[in-house]
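Overview (structure and organization)
The residues making up each chain are set out below.
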Amino acid sequence: MSPEIKQINPREHYTRSVGPIEHAGLEECEANIRNVGWSLGNACPYKCPQCYSMSARERGANLTPQVIDRIIDQLSQIDVTTVNLGGNEPFFTNGLDRRNTLLPYIIKSLVARNILVGLTTSGISAVYLEKYYPQEFNCLNDIDISLDSPYPKEHNRNRGATLYPQAIKALDLARKYEIDRTIVMCAMNWNFTPDRISAFVKTARKFDANVRINTIKPVEPEHMNLVPTARQFYEGFSLLMALCDPVDLGEPPLATVTNYEGAKGCPCGRTSFRIHSITPDGKIPVSPCVYLHDYKAGDLTKDELSDIIESPQFKTFRRRNAHPEAIIECRDCKLIDKCRGGCAARAYLHHAHQTGKRSLFVKDPYCPRDYQLTSPFPKNPQIDQDITLVHKDYLCTWIGKPK
């Protein structure tokens, strides 16, 4: 049974600053931003129940080449390494008419600045890009294809459209062009089950693709009805790690239970951030975390990105990482150095919906100390640092390669 939901308005960030600025007297960890996500547009023809960006997308203004040029110039100035294009279905940068898309222009402009580009899509953006803009398609560093279920009928039903064939076609095209490819699933309580996980990995193996799992972050109150239990979380990832070799351990609880040497806690605001889609009044804010719209700051059409990264919103995230002992529940935990309070977004959102209060300095609901592990996990895993994917060290995610 889901916990009692306290009503939090996920769109309140449009009218006022919402995310609290906490523990201003504490020092922060170093900012070394290298990986960026960019929500390109406000239009999307699908209404996926788990969508994290719907409450941060509002139609009324479109991107222009001039705005794009300024954003990319700002990214180049701080030496960003990778940019993932997603948020909505990325081809719809300027409404649902594909003739108005600026996606090819964005890809070409990023590559011209030696920035590696990734695409996250249901499949349709990749298929359309390959057909009409093959040169830009072949410029992609990697492609993430989202599947809500390895079973076609379930996936199509959840997406509200017959999208499974497009996902498979996109995977086939990425393999044909020898572009690194990953199947990504938003882990929810109905789809993060042993049979679906095994079938999911089997599909990835067929296309020589990676597997990536994002557990749902409850941006909307209704999302709380979709979150996996702690038992599901640990048993599901235990199975995944038996079937796959790790490529990235960005999920702090998993980095902790595996005793991963490179564990550094949540990467948001520290090594990564999110560029929001354009607002109706033509602004483009930035958030330390893709899921926490409450912490958006600045306007990339006029503000310097270096200043936005030094904003109170970003600093609060870095203080949480540097001082996890400021989280009361974590203060005396022997796992604190690796976990560092866990995923900031998951902690903030679960706490907000359960208590009606907003705070970044609360612990991850999948706290590894609280859950008595019965499932086996590999210990001291080694991650190949020569593999470059746009989602490595960007948001709290897990990536594996089927064995």
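Below: a short report on this structure. (Residues numbered from 1 in each chain as written. Predicted model: local features only at pLDDT ≥ 70, side-chain atom pairs only at ≥ 80, totals over all residues. Heavy atoms only, no water.)

**Looking at the overall build of the chain**
- Looking only at helices and strands, the chain features 13 helices and ten strands.
- Over its C-alpha atoms the chain spans a radius of gyration of 20 Å, differing by no more than 12% from the 22 Å that the globule rule assigns to 403 residues.
- If one aligns the C-alpha atoms of the chain with their principal axes, the spans along those axes are about 55 × 45 × 40 Å.
- For the chain, the residues scored as buried account for 61% of the 403 residues in total.
- Taking all contacts inside the chain whose residues are at least 6 apart in sequence as the whole, residues at least 24 apart take part in 76%.
- Carbon and sulfur atoms provide 48% of the accessible area of the chain, an area that totals close to 16,000 Å².
- The averaged location of the 46 negative side-chain charges in the chain is 5 Å from the averaged location of its 50 positive side-chain charges. (Helix = DSSP H or I, 4+ residues; strand = E, 2+ residues; numbered from the N terminus. Rg over C-alpha atoms; globule rule 2.2 N^0.38 Å. Buried < 20%, exposed > 50% of the residue type's maximum accessible area, 1.4 Å probe, protein only. Contact = heavy atoms within 4.5 Å. Areas by Shrake-Rupley, 256 points an atom, 1.4 Å probe, with all protein chains shown as cover. Lys, Arg positive; Asp, Glu negative; His and termini not counted. Charge placed at Lys NZ, Arg CZ, Asp CG, Glu CD.)

**Thoughts on the layout of surface pockets**
- Each pocket or cavity is described by its volume, and for the largest pocket that value is around 530 Å³.
- Every residue lining the largest pocket is counted, 26 residues in all, and those nearest its centre are Asp248, Tyr260, Gln385, Lys392 and Asp393.
- Contributing elements (two or more residues each) for the lining of the largest pocket: strand S7 (244-249) and helix H9 (252-257).
- Element by element, the count of residues in the lining of the largest pocket is highest for S7, at three residues.
- Looking at the lining of the largest pocket residue by residue, the classes come out as ten nonpolar, ten polar and six charged.
- In this structure, the second largest pocket is lined by 17 residues; those nearest its centre are His13, Tyr14, Lys283, Pro285 and Lys296.
- Considered class by class, the residues forming the lining of the second largest pocket number four nonpolar, seven polar and six charged. (1 Å grid on protein atoms, 1.4 Å probe; cavity = no way out; pocket = protein on both sides within 12 Å on 5 of 7 lines; lining within 4 Å. Points joined across faces, edges and corners; volume = space filled by probe spheres on them. Nonpolar A, V, L, I, M, F, W, Y, C, P; charged D, E, K, R; others polar.)

**Quick notes on the sheet that holds strand S6 (residues 210-215)**
- The strand order S7-S10-S6-S5-S4-S3-S2-S1-S8-S9 describes an open sheet built from ten strands, whose pairing is mixed. Of all the strands in the sheet, just S7 and strand S9 (286-287) have a single pairing partner and so form its edges.
- As paired strands, strand S4 (residues 142-146) and strand S5 (residues 180-187) are joined by five bridges and run parallel to one another. What sits directly across from Ser146, in S5, is Val184.
- Running over the sheet, helix H2 (residues 103-112) touches strand S1 (35-39), strand S2 (82-86) and strand S3 (116-121) and is turned about 175° from S2. (Pairing = 2+ DSSP bridges. Axes fitted to C-alpha atoms, helices over the stretch in contact; angles between N-to-C directions.)

**Here's the deal with the pattern of salt bridges**
- Tallied over the entire structure, the rule returns 23 salt bridges.
- Where Lys283 meets Asp281, a salt bridge forms, and the shortest distance between an N and an O atom there is 3.9 Å.
- For Lys315, the salt bridge identified is with Glu310, shortest N-O distance 3.2 Å.
- Look at Glu310 and you get partly exposed, because its relative accessible area is 41%. (Salt bridge = Lys/Arg side-chain N within 4 Å of Asp/Glu carboxyl O.)

**Digging into the packing of aromatic side chains**
- Under the counting rule described, the total for this entry stands at 14 aromatic pairs.
- Ring centres of Tyr234 and Tyr371 lie 5.0 Å apart, and the angle between their planes is 5°; on these two criteria the pair is classed as stacked. Within this pair, whereas Tyr234 is found in helix H8 (residues 230-243), its partner Tyr371 is found in the loop between helix H13 (344-355) and strand S10 (398-402), the two being separated by 137 residues in sequence.
- Connected via pairs of aromatic rings, a cluster forms that spans Phe192, Phe233, Tyr234, Phe237, Tyr366, Tyr371, Phe377 and Trp398. (Phe/Tyr/Trp six-rings, centres within 6.5 Å; stacked < 30°, edge-to-face > 60°.)

**Overview of empty space enclosed by the protein**
- Taken as a whole, this structure holds six cavities of 30 Å³ or more when the rule is applied.
- Along the walls of the largest cavity sit 37 residues, with Tyr52, Gly87, Thr120, Ser146 and Arg159 positioned nearest its centre.
- The set of elements that each furnish at least two residues to the lining of the largest cavity consists of S2, S3, S5 and S6.
- Taken together, the residues of the lining of the largest cavity sort by class into 16 nonpolar, 13 polar and eight charged.
- In this structure, the second largest cavity encloses a volume near 110 Å³.

**Looking at the environment of Tyr128**
- Inspection of the secondary structure assignment puts Tyr128 in helix H3 (residues 124-132).
- In sequence terms Tyr128 and Val201 are 73 residues apart; their C-alpha atoms lie 26 Å from each other.
- Those residues in contact with Tyr128, other than ones at most four positions away along the chain, are Phe91, Arg98 and Tyr133.

All quantities given are derived from atomic positions and should not be read as evidence of function.
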